[in-house]
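The chain contents come next:
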Amino acid sequence: MNKVHVDEDWRILIGGERISTTDHYDIVDPNTTEIIGRAPEATVEHALAAAAAAKEALSSWRALSMDQRCDYIGRAADAIESQCEGWVDLVQAETGATIKVARTMQVAGAFVDRFRYYSKPFEMNQPLPPLYSAASALAPESLITGNVLRQPAGVVACITPYNFPLVNVAGKIAPALAMGNTVIIKPAPQDPLAVIKLGEVLNEVFPPGVVNVIVGSSPEVGAALVDSKDVNMISFTGSSQVGAKIMEAGGKTMKRLLMELGGKGALIMTEDCDVQAAVGGIASVWGFHSGQICTAPTRVICHREIYEPTIEALSAVSEFMTLGDAREESTLVGPVITESHRDRVEAFIQSGIDDGAEVVVGGDRPERDGFFIAPTLLAGCTPEMHVVQEEAFGPIVVIMPHDGDDHAIELANGSDYGLFSYVYAGNTTRAYEIGEQLESGNVALNSIAPHMYAPFGGFKMSGVGRDRGRWGLEAYSEIQAINWPS
Ligand code: NAD
């Protein structure tokens with residue numbers, strides 16, 4: 001079934017035209033290691049042409065009212081919804097997602113919802129109250145009033161990671177387009193095919209050049225967009241390491257930046273928490289999409305009184321995390337994205353062992369084709385270990401004991417990351433008091449579930465800026481203040 005995509009004519013999209021590239025590169029199904037498609041290999045010249053096309057389309061797109069732009073976005077949501085069911089096997093093949101994840105979270109759910117959400121206009125402008133201004137050398141005495149407008153940032157390059165290719169792109173372009181920007185989508189090299197299909201559907205809805213798609217295996221094409229003077233803003237989701245490079249390079253042309261970066265989520269358990277609820281929460285994310293989730297609670301910080309029972313409960317629950325062929329309905333843990341990423345995650349586990357951690361669950365490479373890693377639990381960890389400090393982006397959980405709330409908070413904050421943290425405590429008040437002391441952009445209490453329209457983003461190395469909800473529109477805007485004597 002997968003091989004069908006190998007013969008498809010995959011192209012990039014510039015200024016409303018589907019463009020063939022001279023070169024292509026292989027997309028590999030991480031579940032089977034088969035080649036499932038040959039992605040277009042865009043050049044730096046293509047990237048610059050896409051930036052120029054987006055710039056040309058900008059003035060007429062931003063001149064529309066938000067109501068008119070939202071109407072386009074609503075039509076885009078309808079068009080996507082009518083076609084995207086047919087993309088499930090493609091997304092599964094290029095990402096290695098299990099059936100459930102591909103059907104409910106990759107292709108439907110958050111993906112279409114993001115377009116629906118931003119198909120409703122928001123009032124973005126804000127009047128300034130009149131202000132008495134005494135006579136001066138500049139102007140006579142008057143009352144000055146004004147308006148604070150939100151103007152589009154301009155041309156936005158949306159550079160995204162692998163893991164949830166459609167959701168990552170939708171979360172950026174829906175608010176960016178609603179706000180009046182034009183976009184260039186640069187998906188991750190590992191899983192760009194469904195995004196190409198998305199671009200083609202959007203191209204049927206939006207005027208030429210409003211949405212452009214550039215695909216390439218090398219960082220060069222993304223870097224060219226960061227350097228281009230035609231691009232006003234970079235909306236980046238990916239690793240903190242690449243994010244730092246983009247911030248540095250973007251400084252030369254004073255790029256507006258939205259940076260959604262890596263995470264090493266802490267999950268604090270107090271001695272009076274519901275251990276089974278916490279363990280259920282950890283387990284639901286531990287192997288989910290093979291741990292390739294930036295918000296996963298991968299550092300469990302557990303009160304010493306319940307440390308051993310928690311380890312036992314996590315070991316017990318791991319037996320139900322069926323690893324296997326991602327196309328089997330019963331599979332909960334599929335492969336990670338590439339062979340090189342599997343090697344990186346395995347080296348990460350080994351570093352934990354070398355530093356003295358104890359492998360309680362997993363640790364070995366499963367004997368099967370594909371890029372599989374068994375869900376792994378490392379106990380006896382200490383804060384300075386590499387495996388505790390760095391993001392693995394694989395199905396690995398580390399657990400450390402704490403001796404009270406202050407100690408737990410210190411351990412949780414002892415990380416360069418600060419994206420999403422969790423607190424399980426005997427009551428919400430105690431959980432809240434701990435949560436507000438965490439250096440983390442988002443905190444969930446006694447639950448793993450996020451609020452989908454809460455502002456999302458990170459403290460410290462986890463990012464700069466916030467998106468989702470109204471914050472998503474603000475992120476893609478410039479503030480303009482206009483004042484006059486009343
Ligand atoms: P990555 O940083 O390696 O790559 C992300 C994107 O950047 C890709 O499209 C890549 O081609 C591009 N890129 C690489 N070098 C570039 C350069 N010099 N200039 C411009 N573009 C460049 O990330 P990845 O391995 O694809 O994804 C995993 C990472 O993404 C993890 O760190 C994970 O935590 C993070 N992530 C964060 C969020 C979030 O919302 N905070 C969501 C998903 C993933």
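The paragraphs below set out a description of the structure included in this document.

### Section: helix α3 (residues 88-95)
So, point 1. Counted residue by residue, α3 has 8 buried out of 8 residues, so it is predominantly covered.
So, point 2. Restricting attention to buried positions, one finds in α3 the residues V88, D89, L90, V91, Q92, A93, E94 and T95.
So, point 3. Against β3 (23-28), β4 (35-41), α4 (99-107), α6 (165-178) and α7 (193-205) lie the buried residues of α3.
So, point 4. Backbone geometry just after α3 places G96 at a positive phi near 80°.

### Some thoughts on the packing of aromatic side chains
So, point 1. In this structure the tally under the stated criterion is 11 aromatic pairs.
So, point 2. Each ring, one from W61 and one from Y72, has its centre 5.1 Å from the other, and the planes form 70°; the classification is edge-to-face. You can see W61 sitting in helix α1 (residues 44-63) and its partner Y72 sitting in helix α2 (residues 66-83), a full 11 residues away along the chain. The pair W61 / Y72 is uniform in exposure class, with both members buried.
So, point 3. Taken together, a centroid distance of 3.8 Å and an interplanar angle of 5° make the contact between Y117 and Y453 stacked. Taken together, the residues span a long stretch of sequence, with Y117 in helix α5 (residues 110-117) and Y453 in the loop between β18 (442-445) and β19 (463-464) at a distance of 336 residues.
So, point 4. The class of Y117 is partly exposed, set by a relative accessible area of 23%.

### Considerations on the site of the ligand
So, point 1. With respect to spatial proximity, 27 residues lie near the ligand, and among them T160, K186, S239, L261 and E391 are the closest.
So, point 2. A distance of 2.8 Å separates an oxygen atom of the ligand from a polar backbone atom of T160.
So, point 3. At 3.3 Å, a backbone N or O of Y162 approaches an oxygen atom of the ligand.
So, point 4. For the ligand, whose accessible area on its own is 860 Å², the fraction buried by protein is 87%.
So, point 5. Secondary structure elements with two or more residues in the shell around the ligand: α8 (220-227), β10 (233-237) and α9 (240-250).
So, point 6. Across the shell around the ligand, the residue classes break down as 16 nonpolar, 8 polar and 3 charged.
So, point 7. Each of two domains, domain 1 (12-261 + 463-485) and domain 2 (266-459), supplies a minimum of three residues to the shell around the ligand.

Quick notes on the rules
- Residues numbered from 1 in each chain as written.
- Predicted model: local features only at pLDDT ≥ 70, side-chain atom pairs only at ≥ 80, totals over all residues.
- Heavy atoms only, no water.
- Buried < 20%, exposed > 50% of the residue type's maximum accessible area, 1.4 Å probe, protein only.
- Helix = DSSP H or I, 4+ residues; strand = E, 2+ residues; numbered from the N terminus.
- Contact = heavy atoms within 4.5 Å.
- Phe/Tyr/Trp six-rings, centres within 6.5 Å; stacked < 30°, edge-to-face > 60°.
- Near = heavy atom within 4 Å.
- Polar contact = N/O pair within 3.5 Å; in protein donor to acceptor, adjacent residues only side chain to side chain.
- Areas by Shrake-Rupley, 256 points an atom, 1.4 Å probe, with all protein chains shown as cover.
- Nonpolar A, V, L, I, M, F, W, Y, C, P; charged D, E, K, R; others polar.
- Domains from an automatic or database assignment.

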